[in-house]
Protein chains: 2
Amino acid sequence: MTEALLNDDATAQREALARGETTAAELTARYLDAIERAQPTVNALIAFDRDRAMVDARASDAHRAAHGARPLEGLAIAIKDNLDAAGFRTTAGMATRRDAPPAPHDSTAVARLRAAGAVILGKLNLHEAALGADNHNPHFGACHHPRRHGVTPGGSSGGSGAAVAGALCSAALGTDSMGSVRIPASYCGVFGLKPTYGAISPRGSVVVSRRLDHVGVLARSARDLGLLLPVLAGFDPACAESRAVAFAPPGAGPLRIGVPALDGIEVQPVVREAFARGLDALRARGHALVDLPPSRMEPGKARRAGLLVCEAEMLVEHAADWAARRERFSPALATMLAWAAGKSAADFARADRVLDEAAVQMQQWLSACDLLAWPTAPQVAFAFGTLVPANQADFTCFANMAGVPALSMPLPVDADAWPVGMQLIGRAGDDLRLVALAHALTA
Amino acid sequence: MTEALLNDDATAQREALARGETTAAELTARYLDAIERAQPTVNALIAFDRDRAMVDARASDAHRAAHGARPLEGLAIAIKDNLDAAGFRTTAGMATRRDAPPAPHDSTAVARLRAAGAVILGKLNLHEAALGADNHNPHFGACHHPRRHGVTPGGSSGGSGAAVAGALCSAALGTDSMGSVRIPASYCGVFGLKPTYGAISPRGSVVVSRRLDHVGVLARSARDLGLLLPVLAGFDPACAESRAVAFAPPGAGPLRIGVPALDGIEVQPVVREAFARGLDALRARGHALVDLPPSRMEPGKARRAGLLVCEAEMLVEHAADWAARRERFSPALATMLAWAAGKSAADFARADRVLDEAAVQMQQWLSACDLLAWPTAPQVAFAFGTLVPANQADFTCFANMAGVPALSMPLPVDADAWPVGMQLIGRAGDDLRLVALAHALTA
């Protein structure tokens, strides 16, 4: 195999594996080499284990030889470190969990990857506790943008974005409670899918919010998202947040694409321009664009309510550490949780009602068209040390509140410009329709 | 028409209307007469308006003559008084709302009934605020069992159960957060359906809990539930709790029916015996019964967590009245809400996690079979003044927590015995399968 294969999409790698141009063992070994080279500057991984990954890769090659290939046979997937993978501790990027025992079982998502023949490369860096979107992790070190040390890859799935963009894995799992898959996909110039609520079981993940959490995928092509989603999705009776989602088949023909006005969210000019070109590309392919009114609710209101819900649930998820080892939480996280600890049950119910308002806004937009196009984030990647924008998740959090699928795809920008992402947002179950449109736009 | 038609099921009434054997005006007038006769002893309604109902009934007859019949043309439906019906105030059985202005709009469910040609007879009695299951309402008077004054019809939709059993309407709407449709259906010897979560939009109802509330139907036959459900169901983009539910078609052939063991819930012998005969009837029709383990979680734990979630959400729903007119809440309700007012956001999140445990228990039972059979309530109707059993909702609340459909059907009992209900519980979307099985058992 050539080194270029590492930066191909997983679908192309799958074909190369099928043709015998490479093996799982070779692909895995090369990725591990790349990870080791990149760790000092990118720090995309919190943990990896060369020996274990190579054992799994050789087992995959043996499976292919003996029984033929499973759907993801030999692909090398990296996992955000808030999802259990048996044998690795699950840190969630938190110091409190640094010395935890290794997870005894895979999360449902990781188990489904392994059952489909994938090799698990290791555990990816993330924003502390998956609550925040710059991945400036004080306990495991910041994760850096693969294009420039000192720049954020976004978050909270920053390691996932950096590893996919930096050609350190075939594809990656992330989680997304307010935008945590799509924001790093946007900043890093890759594809990210937050599926319909519950389509991928979150069992075996560290909870941020059971209402808002979604397990998602980051990849180098839209078709890769379409390859991984059906493997990962499926009803999990052991998980109250799992849903039996019947994916609508991708349709053909022109679509009515709604574009909610950007009013009320401060958007960088470079994002505005790239997004306008993205809309032009949709028009050029025959789709009808429908101007929709701006959000009736101030996006900051939805974001703040979402944060209270997350923080209150995290007080439960991390109750033992909060009681016994509070000093191991970063001051930023401790401040947020302490604030939420002073809130009442009625405050929680009130915040959850605000999420309902955001869900209704999203549903009403979607009722006027086939799907929505919107920017993913209001800004491009920024340097650590500059002020973190408060509005990073203002375009992404509505889809979490509504439980509808949302995909971020990179827009064409100049070679030296920072990537800009466009979101495609559909109704529940329209995940593969979003994938098909993103594929058509990039094929 | 004969007086007996008032006690026929809605499907038979629909056929009589289609054959011209009666008219909406006649049916409505006879029901209003029956309501007036029954009010002193049963007190099933909080409000009704003869003139308005007769205008609507004549309009239905005119519609039939001019344009043909809509699906529920001329049927006379009564509405639990926590669902808006334009022109009626929505009291939710609460003194705080006794002087509220009339609702300006129909709730989504009532609007769908009207659009299908139904006549709205009036508003039904309920347990105060729909939180409680004996309908001993201190503000609007107790609703009594139509068979004996002084006995509870169950609750919180006690007026719905009494009106259907007492032949005061063609069918009734209820709401069900922990069992409030099924318990009165069981006590009153009628059929009640709590559909899949969100299948019927709860928009325009007084919230108990957005997670647990379900709009449901009470009727005198299973086929009536199958008649009304498709009219009432449908995605409502203006409601965050609405869901696009694709109902699975009723299948044919023998089913695997799971029966969770009754351990941990104190069940009256008469209920146990009737339920055993219900299982015999299932076996006799060729269905396979599968013994399932008892609930891993103590049912009281689920019930108590559900109550906290409801109470905290009610503090938000009734915030203005709680602040300004607290003395108008009954001492019992005020005590519950005051308790919840002292709970924290984390307590709410912790209780909601308990609901998740209950949901998983239900999902795991359902994953072992096609559907479940279980008693509806551990006891039959009891006299007011005796101790209200704490476990009334222990068999019903699990389906609310899991969001799965559950139907209560009357079991055969001696003519002078109090009715006993059996629940059939399915997976999300299996509503019409439950209806078909209940129909087959009673046809």
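Residues numbered from 1 in each chain as written. Chains lettered and ligands numbered in written order. Predicted model: local features only at pLDDT ≥ 70, side-chain atom pairs only at ≥ 80, totals over all residues. Heavy atoms only, no water.

J.: Now, about the overall build of chain A: what can you tell me, with residues and values included?
T.: If you tally the helices and strands in chain A, you get 14 helices and 11 strands. Taking 2.2 N^0.38 as the reference for a compact globule, 443 residues should give roughly 22 Å; the C-alpha atoms of chain A span a radius of gyration of 20 Å, in line with that estimate. Each of the three principal axes of chain A carries a C-alpha extent, and together these read 60 × 55 × 45 Å. Classification of the 443 residues of chain A by burial places 63% in the buried group. Within chain A, counting contacts between residues at least 6 apart in sequence, those at least 24 apart form 76% of the total. (Helix = DSSP H or I, 4+ residues; strand = E, 2+ residues; numbered from the N terminus. Rg over C-alpha atoms; globule rule 2.2 N^0.38 Å. Buried < 20%, exposed > 50% of the residue type's maximum accessible area, 1.4 Å probe, protein only. Contact = heavy atoms within 4.5 Å.)

J.: Before we move on, can you summarise empty space enclosed by the protein with the specific residues and values?
T.: Residues and elements named next belong to chain A. Per the counting criterion, the structure on display carries 3 cavities of 30 Å³ or more. By volume, the largest cavity is sized at about 50 Å³. Forming the boundary of the largest cavity are Asn 82, Thr 175, Ser 177, Pro 202, Ser 205, Val 206, Val 208, Asp 213, His 214 and Val 215. Here the residues of the lining of the largest cavity are counted per class, giving 4 nonpolar, 5 polar and 1 charged. (1 Å grid on protein atoms, 1.4 Å probe; cavity = no way out; pocket = protein on both sides within 12 Å on 5 of 7 lines; lining within 4 Å. Points joined across faces, edges and corners; volume = space filled by probe spheres on them. Nonpolar A, V, L, I, M, F, W, Y, C, P; charged D, E, K, R; others polar.)

J.: Residue-level account of the pattern of salt bridges, with values.
T.: Two side chains carrying opposite charge are able to pair once their charged atoms lie near each other. Using the criterion set out here, one finds 56 salt bridges over all chains in the structure. Salt-bridge contacts for A:Asp236 lead to A:Arg203; the nearest nitrogen and oxygen are separated by 2.9 Å. Here the residue A:Asp236 occupies a position in the loop between α7 (222–232) and β7 (256–260), and A:Arg203 occupies one in the loop between β5 (191–194) and β6 (214–219), the gap between them amounting to 33 residues. Using a relative accessible area of 39% as the deciding quantity, one classes A:Arg203 as partly exposed. Of the charged contacts, one joins B:Glu73 and B:Arg70 as a salt bridge, the two residues approaching to 2.8 Å between their closest N and O atoms. By sharing partners, the salt bridges in this structure join A:Arg210, A:Glu313, B:Arg211, B:Asp352 and B:Asp356 into a single network. (Salt bridge = Lys/Arg side-chain N within 4 Å of Asp/Glu carboxyl O.)

J.: I'd like to hear about the sheet that holds strand β8 (residues 288–292) of chain B, residue by residue, with values.
T.: The strands making up a sheet associate through backbone hydrogen bonding, with each pair oriented either parallel or antiparallel. Residue and element names in this part refer to chain B. Spatially, 11 strands are ordered β1-β3-β2-β4-β6-β5-β10-β11-β9-β7-β8 in an open sheet, and the strand pairing comes out mixed. Pairing within the sheet leaves two strands with one partner each, and these edge strands are β1 (45–48) and β8. When the angles between neighbouring strand axes are averaged without regard to direction, this sheet yields 25 degrees. Across 3 bridges, strand β2 (residues 76–80) lies against strand β4 (residues 171–176) in parallel orientation. Paired with Ala 78 across the bridge in β4 is Ala 172. Together, β1, β2 and β3 (119–124) form the strand contacts of helix α2 (residues 24–42), whose direction differs from that of β1 by roughly 135 degrees. (Pairing = 2+ DSSP bridges. Axes fitted to C-alpha atoms, helices over the stretch in contact; angles between N-to-C directions.)

By themselves, these observations are geometric and do not establish any function.
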